[in-house]
Amino acid sequence: MDKNQIRNALFLAVAAILLYSFKGNPSWIELCSGLAFFLFGMQCMTDGLQQLAGGKLEKLLAKSTSKRWKGLVFGIASTMILQSTTIVSLLIIAFISSSLITLAGGFMIMLGAYLGSSTGVWLLAMAGQSVSLAPFAYPLLVLGVLASFNGDKSKALGRVVLGIAFIFLAIAHMKNGFSDFTTDFDLTKFQLSGIQRFLILLTVGFLATMVLQSSHATIMLILTALGLKQITLDDSFILTVGAIWGSTVTTAVIGFIGGSREGKRLAIAHILFNFTTGSLALILLQPLTYIVLYLGKQLDLDHLTQLAVFHTLFNVLGVSIFWQLQRKLIVWLEKVVPNEIKAPVVVETAETVYEPIELDKSIQPKYLREQSLTVPPAAVGAVFKEVQHLGEVSSEVLCLSLNIPLEDVTKETFDEQSFLESHTKASVDANILYQRYVKGLYGDILIYMSRIDFSDSEDADYYQDYLLNCQMVALSLVDAVKSGRHLQKNFNRYLTVHDSIMRDFYQDLKLFVYTNMRSLYTIYSTLDEDLIDPVKREEILVKIDDLSEKSKQFERVFRRELFLASSHAEVNAFSTSSVMNDLSYCRRLIKSLYGILRFTIESQAYPFVNSDEIKNEKEAEPVVEEDIDGNLHNVTEQEVQIDVK
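Residues numbered from 1 in each chain as written. Predicted model: local features only at pLDDT ≥ 70, side-chain atom pairs only at ≥ 80, totals over all residues. Heavy atoms only, no water.

**Remarks on the packing of aromatic side chains**
Right, on to step 1. For the structure shown, the criterion picks out 12 aromatic pairs.
Right, on to step 2. Judged by centre distance (5.3 Å) and plane angle (50°), the rings of F273 and F322 are tilted. With F273 in helix α12 (residues 261-283) and F322 in helix α14 (residues 303-336), this residue pair connects regions lying 49 residues apart in the sequence. There is no split in this pair, since F273 and F322 are both buried.
Right, on to step 3. Ring centres of F554 and F558 lie 5.8 Å apart, and the angle between their planes is 35°; this geometry places the pair in the tilted category. Within this pair, F554 and its partner F558 are both found in helix α22 (residues 534-567), separated by four residues, close to a single helical turn. By the burial criterion, F554 is buried, and F558 matches it.
Right, on to step 4. Taken together, F107, Y114, F273 and F322 form an aromatic cluster joined through their ring pairs. (Phe/Tyr/Trp six-rings, centres within 6.5 Å; stacked < 30°, edge-to-face > 60°. Helix = DSSP H or I, 4+ residues; strand = E, 2+ residues; numbered from the N terminus. Buried < 20%, exposed > 50% of the residue type's maximum accessible area, 1.4 Å probe, protein only.)

**Thoughts on the packing of helix α15 (residues 376-401) against helix α20 (residues 501-525)**
Right, on to step 1. Where α15 contacts α20, the axes come no closer than 12 Å and their chain directions differ by 150°. On the basis of the axis angle, α15 is roughly antiparallel to α20. By crossing handedness, the relation of α15 to α20 is classed as left-handed. Side by side, α15 and α20 meet where Q388, E392, S395 and C399 of the first sit next to M517, L520 and Y524 of the second. (Axes fitted to C-alpha atoms, helices over the stretch in contact; angles between N-to-C directions. Parallel < 35°, antiparallel > 145°, perpendicular 65-115°, else oblique. Left-handed = near helix turned anticlockwise from the far one by under 90°. Contact = heavy atoms within 4.5 Å.)

**Here's the deal with the confidence of the model for the protein**
Right, on to step 1. For the protein, per-residue confidence averages 75 on the pLDDT scale, and 76% of positions sit at 70 or higher.
Right, on to step 2. Least confident of the elements in the protein is helix α25 (residues 637-640), whose mean pLDDT is 37; most confident is helix α13 (residues 285-299), at 89.
Right, on to step 3. Note that residues 605-645 has pLDDT below 50 and, in this model, 108 contacts with residues that lie over four places away or in other chains. (pLDDT = per-residue confidence, 0-100.)

**Notes on the side chain of T289**
Right, on to step 1. Within the element layout of this structure, T289 appears in helix α13.
Right, on to step 2. The residues touching T289, leaving out its near neighbours within four places in the chain, are D234 and F237.

What follows is the structure, given as structure tokens:
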């Protein structure tokens, strides 16, 4: 059985068990319907608030991590608005995976989300008082449905109103259902005490949240039971800790399924926060209970509100601890989940390239995730990262096409012997490499760009500028690979001919590409660290400009030598035109590779989030310059003059 069949079978089994349990149990039916109303109401309210936000939350998220306190405030505010730490967690994971925010910034937002989640408990505690909210629910239902017929914004507002109405109905149904249910099944009759009662309550809270997939729903049940005096205040504290631990599993699964290493690190941090804070809260349960009771007495708070106070103290305790440990925790997480060691993606030989390849073993997109399509900043960031991935794959394809050993590109010193020996090796068919590794990935990027959901037309224009730049760079990379296909034929033809001036010219061209590839790798290998520092970013751009001038010097020297040989009748007209054409292909090839490098660097100055200030800067200075001819890399004078025969 596949996963879908197993999931469907489990769903049918649970549905059958529930239907059977409803037989002759009206109180149980009302309790379950109250839970259903509550979960559906929370979903309606969250969806409506997201639509009303119109992407503003995502924009603020991308700009909220410049300082620690900004991330904390954004986490509090966003969770207060959405009333869902899971939604906020999804946004953070999507943005971290797209490199729009750092892990440290995402963790600060998560700390704020913990504090913001307490506001939902306060609202539920106040709504769970003795006043019945059901009479208010029915007018809200009518208004919510009516609003859905009046445009998109009104429809989103209507969903929020419907969500509130269903939550009001849920509270009424859960109260009545729980009250009738406990008439026949009185929880107070179970005289459990000590560690046994402690563990049972903790497990019940944990399992309830795992089943309901909402800590708010579990806490609503706890509040209902507390209001009906089926559990004590101490019991509600233990159940709440169990519910918070249960919610940890949901976010952890989301982080690990996402596949991103940063997402996994954030999931581990989330687990550590809740389980560490929960353990401390249980150890310090008596002092915390004393504080809650003292505040309740001074402020005349009932038990429901006192539970909200405990929930707030729980999160304040955790945030105060992890605020100080943030930097050490990030370092530790990077050791536990280390960065991926970049191994060659394209592993082919002249023989294996003709073997059929299975579809699941071909190159697949690494960053184009479905869940990011509805979040324009994250989606554009994913496209940006995927274009970088395409650049890495294209570089490896070019090395294999032109018989440039990948291991030599990464060496610190020039290996002349290995360079000479590479001429005699059989090259890998460039056409097959292009079809197998580049064409499909390029197509996936284009399709993904066309599927991004832009709900705001003004934002669409802004993001389209980035997508156009990404498309231009991706197209130039494809053009570079095609240039490699043209070069492969003459490289194979002339580099195997001994004692020929044509061999010398093509050897110089190959050396030109080879040294540029080495220099490109040297810069790219430290790029992740250098991009963090604006000063280093500028230094790299200056370095590229300087190397560009030296590369033009190589072209002038090469052309002069070629025309000199032609004037002495050492090279005929046909061969001269071939070499000149191949020099042009080499220039286009190197231009494309340095285009992606420059694009990567300059894009860091313009985050993938719309703002008037950034937009004005961007209009003044394009991300991708039209003249990238100067981006060719240097071949030093010593290397230019090498006469490898």
